[in-house]
Every structure is written in structure tokens, then in C-alpha cells.
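A structural walkthrough
What follows is each chain in one-letter form.
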Amino acid sequence: MGYRGPLPKTAIARYNRCVGSLRTSPRWGPMVRRRLTEITYTGRRSGRTFSTPVGYRRAGDLVTIGVMMPDAKSWWRNFTGDGGPITLDLDDTGRTGHAVARRDAKGRVTVTVRLDGDA
């Protein structure tokens, strides 16, 4: 059974800042950016714009994001059903796409992003 409570916001904010620093680092950035990106999306209910770092796998124009501890996070719920628009920081530029979240029988959540056009 996974963690079901809210994550401590100060610890998460500190972690996200550290990941952001690593991604922009001249020394570690190229290696970190191969597996970590920053997504930006607009919340369905609030209409606010959010950004968060996530791990990803990419195969051409298809990006797969595995959501760790999905019951403790809510960002992926913006992409359930028909999904929605998303921007990923890939190839040193913002790439837009359409994201769809799916939960499997074991409770794991995967967000699949089909990127729009060429960079």
C-alpha cells in the first residue's frame, strides 16, 4: 500500500529547487536533462499555471512519465480522461504536446505525452 497523505510542502519545494539547479548546472545539467525534465501545465479547476520536475523516457515524439506515489500527488489528475495540453522542457526548448494519464490495475500511473510537430 502506497503513501496516502499529503507530502510536506517545504521538503518538496526544497527538492524541486535542487533538481532545477542540477538541470541548469553546466557540469551536471546535460546528464540530468537526459532523464529529468520540467513540465508546465494549467490546472483544470484553478486555471493557474504550474511547473514541476519529473522523470521521463522518450521515444521520438512520445514521452512517458511514470508518476511515483500517485496518491500523494495531484498534478497528473489534470490529464485523466481525454487529457490536456502540456509543455515539457526538452532539447533546451519548450515542447508542447497532449498528455493523457492512465492508472493500471496495480494503481500505477503513467502519463503519456504526444509531442506536437518538430522542435
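Here we summarise the structure given alongside this text. Worth saying up front: this structure is predicted, and the values here are computed from it rather than measured.

Each value, and the rule that gives it
Residues numbered from 1 in each chain as written. Predicted model: local features only at pLDDT ≥ 70, side-chain atom pairs only at ≥ 80, totals over all residues. Heavy atoms only, no water. Pairing = 2+ DSSP bridges. Helix = DSSP H or I, 4+ residues; strand = E, 2+ residues; numbered from the N terminus. Axes fitted to C-alpha atoms, helices over the stretch in contact; angles between N-to-C directions. Contact = heavy atoms within 4.5 Å. 1 Å grid on protein atoms, 1.4 Å probe; cavity = no way out; pocket = protein on both sides within 12 Å on 5 of 7 lines; lining within 4 Å. Points joined across faces, edges and corners; volume = space filled by probe spheres on them. Phe/Tyr/Trp six-rings, centres within 6.5 Å; stacked < 30°, edge-to-face > 60°. Buried < 20%, exposed > 50% of the residue type's maximum accessible area, 1.4 Å probe, protein only. Salt bridge = Lys/Arg side-chain N within 4 Å of Asp/Glu carboxyl O.

Taken together, the 7 strands give an open sheet; going across it, the order is S2-S1-S5-S6-S7-S4-S3, and neighbouring strands pair in antiparallel fashion. Both edges of this open sheet fall to strand S2 (49-55) and strand S3 (57-59), since each of them pairs with a single strand only. On average, each strand axis in the sheet is tilted by 30 degrees relative to the strand beside it, whichever way the strands run. Inspection of the sheet shows strand S5 (residues 84-90) paired to strand S6 (residues 93-103) by 7 bridges, in the antiparallel sense. When the bridges of S6 are listed, proline 85 appears paired with histidine 98. The sheet strands contacting helix H1 (residues 9-24) are strand S1 (36-42), S2 and S5, and the helix crosses S1 at an angle near 120 degrees.

Attention now goes to the pairing of S2. The pairing of S1 with S2 spans 7 bridges and is antiparallel. Residue pairing in the sheet places leucine 36 in a bridge with glycine 55 of S2.

Here we come to the layout of surface pockets. Approximately 1000 Å³ is the volume found for the largest pocket. Along its surface, the largest pocket is lined by 31 residues, and Ile12, Thr52, Lys73, Ser74 and Trp75 are the ones closest to its centre. Going through the elements one at a time, H1, S1, S2 and strand S4 (62-67) are the ones with two or more residues in the lining of the largest pocket. In terms of residue count, S2 provides more of the lining of the largest pocket than any other element does, 6 residues in total.

Mapped onto the secondary structure, tyrosine 56 falls in the loop between S2 and S3. Sequence spacing of tyrosine 56 and isoleucine 86 is 30 residues, and the spatial spacing of their C-alpha atoms is 14 Å.

Okay, the packing of aromatic side chains next. A full pass over the atoms with the stated rule returns 3 aromatic pairs. Ring geometry for tyrosine 41 against phenylalanine 79: centres 5.7 Å apart, planes inclined by 70 degrees, an arrangement best described as edge-to-face. Linking tyrosine 41 in strand S1 with phenylalanine 79 in the loop between S4 and S5, this pair joins segments that are 38 residues apart in sequence. Judged by its relative accessible area of 2%, phenylalanine 79 is buried. Taken together, the ring pairs connect Tyr41, Phe50, Trp75 and Phe79 into an aromatic cluster.

As enumerated under the stated definition, the model contains 3 salt bridges in all. The shortest N-O distance in the salt bridge between aspartate 61 and arginine 95 comes to 3.7 Å. With aspartate 61 in the loop between S3 and S4 and arginine 95 in strand S6, the pair connects residues that are 34 residues apart, well separated along the chain. Its relative accessible area of 33% is what places aspartate 61 among the partly exposed residues. Across the salt bridge formed by aspartate 104 and arginine 108, the nearest N and O atoms sit 2.8 Å from each other.

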